Amino acid sequence: MTPSEPTETRTEDRPTRRPAAQTATLAEIAREAGVSAPTVSKVLNGRADVAPATRTRVEELLRAHGYRRRRAEATRSPLIDLVFHELESAWAMEVIRGVENVARDAGLSVVLSESAGRLTPGRSWADQVAARRPHGVVLVLSGLDVSQRALLTSRSIPFVVMDPAGDPGADVPSIGATNWQGGLAATRHLVELGHRRIGAISGPPQIMCSRARLDGYRAALETAGLPVDPEMVKTGDFHHETGYRLGRELLARPDRPTAVFAGNDLQALGLYEAARELGLRIPEDVSVVGFDDLPVARWVGPPLTTVRQPLTEMAEAAARLVLELGRSGEAPAATRVELATSLVVRASTGAPPLAGR
């Protein structure tokens, strides 16, 4: 120990930790973990040839000491990791396009991952990312647990959450959209057309954007002095098949709604199919509003009135932010950015039938 280093007081088996402002060296972490420095280096680099118990012990010490890779150590691969909780729709393609636009301009490639519907990727994913050492990670409708965040932070791998499923926390950079305002605008449009029985097919209740859209729907009804009928609100999962099934339930009711706000375009298209099977015309018998403004919304018959969520722009903003964090190594001034939504009126909405007024 050199004279400039602080003196540590030790008990028999329990070393006293240095102040949080100071960062331990790899050799010190190795001594405390009872392993070699190369083993700690393997853990840092995401190598697989480390026993799970050893990896866990080293990771805990890295977190406890607030260890971060030095800038000289953090040699990054020319990659951006893009992680979806599900990768199966045109919605995802709009996001991929946005991240690709930014990555291409920066001379980087994009690695796609899917967490098979889970809102948090598995541990093996985090290890793979640590081994790849990308310029950054963009997570879509996903999040990270405490150990995954610590793992990426210790490798100086920045991450940004786009459209977070839940509250990502004040210290997690995120990009979203004005979902509440979009739900309000969609429902207000139907109210202004004269509709009084307005149904809704929401998305998953555990996803923040879904809850915000449904809250906007409720706020528009309450502002107009209309009751919010729980029987007119169905909980979906953002998939076409669910929009069809729940749409049939709503439209087969004796007091069926004269208009339906669907939580996304895919559910709205499922509702289209249900209406056709029941012999109902859009918008003469039932008006439909979606959310997202996917390209298909312009192609269906009739073209879909929907709330435009700027997916490509959101993805571009998330990718630019993660690269900025990688260059600066510091937290951004604003950790939560919301891009504006806007109502796009097409031919799927009109005045209600006389009997429904």
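Residues numbered from 1 in each chain as written. Predicted model: local features only at pLDDT ≥ 70, side-chain atom pairs only at ≥ 80, totals over all residues. Heavy atoms only, no water.

Things to note about the packing of helix α9 (residues 240–251) against helix α10 (residues 265–277)
Heads up, the condition is: Whenever a helix is involved, its axis is fitted only over the stretch in contact; in every case the axis is a line through C-alpha atoms, and angles between N-to-C directions fall within 0 to 180 degrees. A run of H or I in DSSP counts as a helix once it spans at least four residues, and a run of E counts as a strand once it spans at least two, with each numbered from the N terminus. Throughout, the term roughly parallel applies to angles under 35 degrees, roughly antiparallel to angles over 145, roughly perpendicular to angles from 65 to 115, and oblique to all others. Crossing handedness is read from the near helix: turned anticlockwise from the far helix by less than a right angle, it gives a left-handed crossing, and turned clockwise, a right-handed one. The contact criterion used throughout is that any non-hydrogen atoms of two residues lie within 4.5 Å. The classification used treats Ala, Val, Leu, Ile, Met, Phe, Trp, Tyr, Cys and Pro as nonpolar, Asp, Glu, Lys and Arg as charged, and all other residues, Gly among them, as polar.
Across the interface, α9 lies against α10 with an axial gap of 7 Å and an inter-helix angle of 45°. The angle between α9 and α10 places the two elements in the oblique class. Regarding α9 and α10, the two cross each other, and that crossing is right-handed. Across from His240, Thr242, Gly243, Tyr244, Gly247, Arg248 and Leu251 in α9, the residues of α10 making contact are Leu266, Gln267, Leu269, Gly270, Leu271, Glu273, Ala274, Ala275 and Glu277. Looking at the contact of α9 with α10, its residues break down into seven nonpolar, six polar and three charged.

What to know about the environment of threonine 258
Quick note on the threshold: Accessible area is worked out with a 1.4 Å probe on protein chains only. A residue is then buried under 20% of its type maximum, exposed over 50%, and partly exposed in between. Identification of polar contacts relies on pairs of N or O atoms within 3.5 Å, with a donor-acceptor requirement for protein atoms, meaning one able to donate a hydrogen and the other able to accept it, and with residues adjacent in sequence counted only if both atoms are side-chain atoms.
Residue placement: threonine 258 occurs in the loop between α9 and β8 (259–262). Given a relative accessible area of 3%, threonine 258 falls into the buried group. Between the C-alpha atom of threonine 258 and that of glutamate 284, which follows or precedes it by 26 residues, the distance is 9.1 Å. Side chain to side chain, threonine 258 and histidine 195 meet in a polar contact 2.7 Å long.

Overview of α10
The criterion, for reference: A helix's residues, less one, multiplied by 1.5 Å, set its expected span.
Between its first and last C-alpha, α10 extends 19 Å over 13 residues, near the 18 Å set by a 1.5 Å rise per residue. Extensive coverage of α10 is indicated by the burial of 10 of its 13 residues. Those residues of α10 that sit buried are Asp265, Leu266, Gln267, Ala268, Leu269, Gly270, Leu271, Tyr272, Ala274 and Ala275. Where the residues of α10 are buried, they touch β6 (198–202), α9, β8, β9 (287–292), α11 (296–299) and β10 (305–308). Among the residues trailing α10, glycine 279 stands out with phi positive, at a value near 75°.

Remarks on the pattern of salt bridges
For side chains bearing opposite charge, pairing can occur when the charged atoms are close. Our working rule: The rule for a salt bridge is simple: a side-chain nitrogen of Lys or Arg has to be within 4 Å of a carboxyl oxygen of Asp or Glu.
The final tally for this structure, using the stated rule, is 13 salt bridges. Two residues, aspartate 293 and arginine 346, come together in a salt bridge whose shortest N-O distance is 3.0 Å. In this pair, aspartate 293 is assigned in the loop between β9 and α11 and arginine 346 in the segment after β12 (342–344), connecting sequence segments 53 residues apart. As far as the burial class goes, aspartate 293 and arginine 346 line up, both buried. The partner of arginine 336 in a salt bridge is glutamate 338, with the nearest N and O atoms 3.2 Å apart. It is possible to trace a salt-bridge network through shared partners that takes in Glu231, Arg253 and Asp255.

Any functional reading would require information that these geometric values do not contain.
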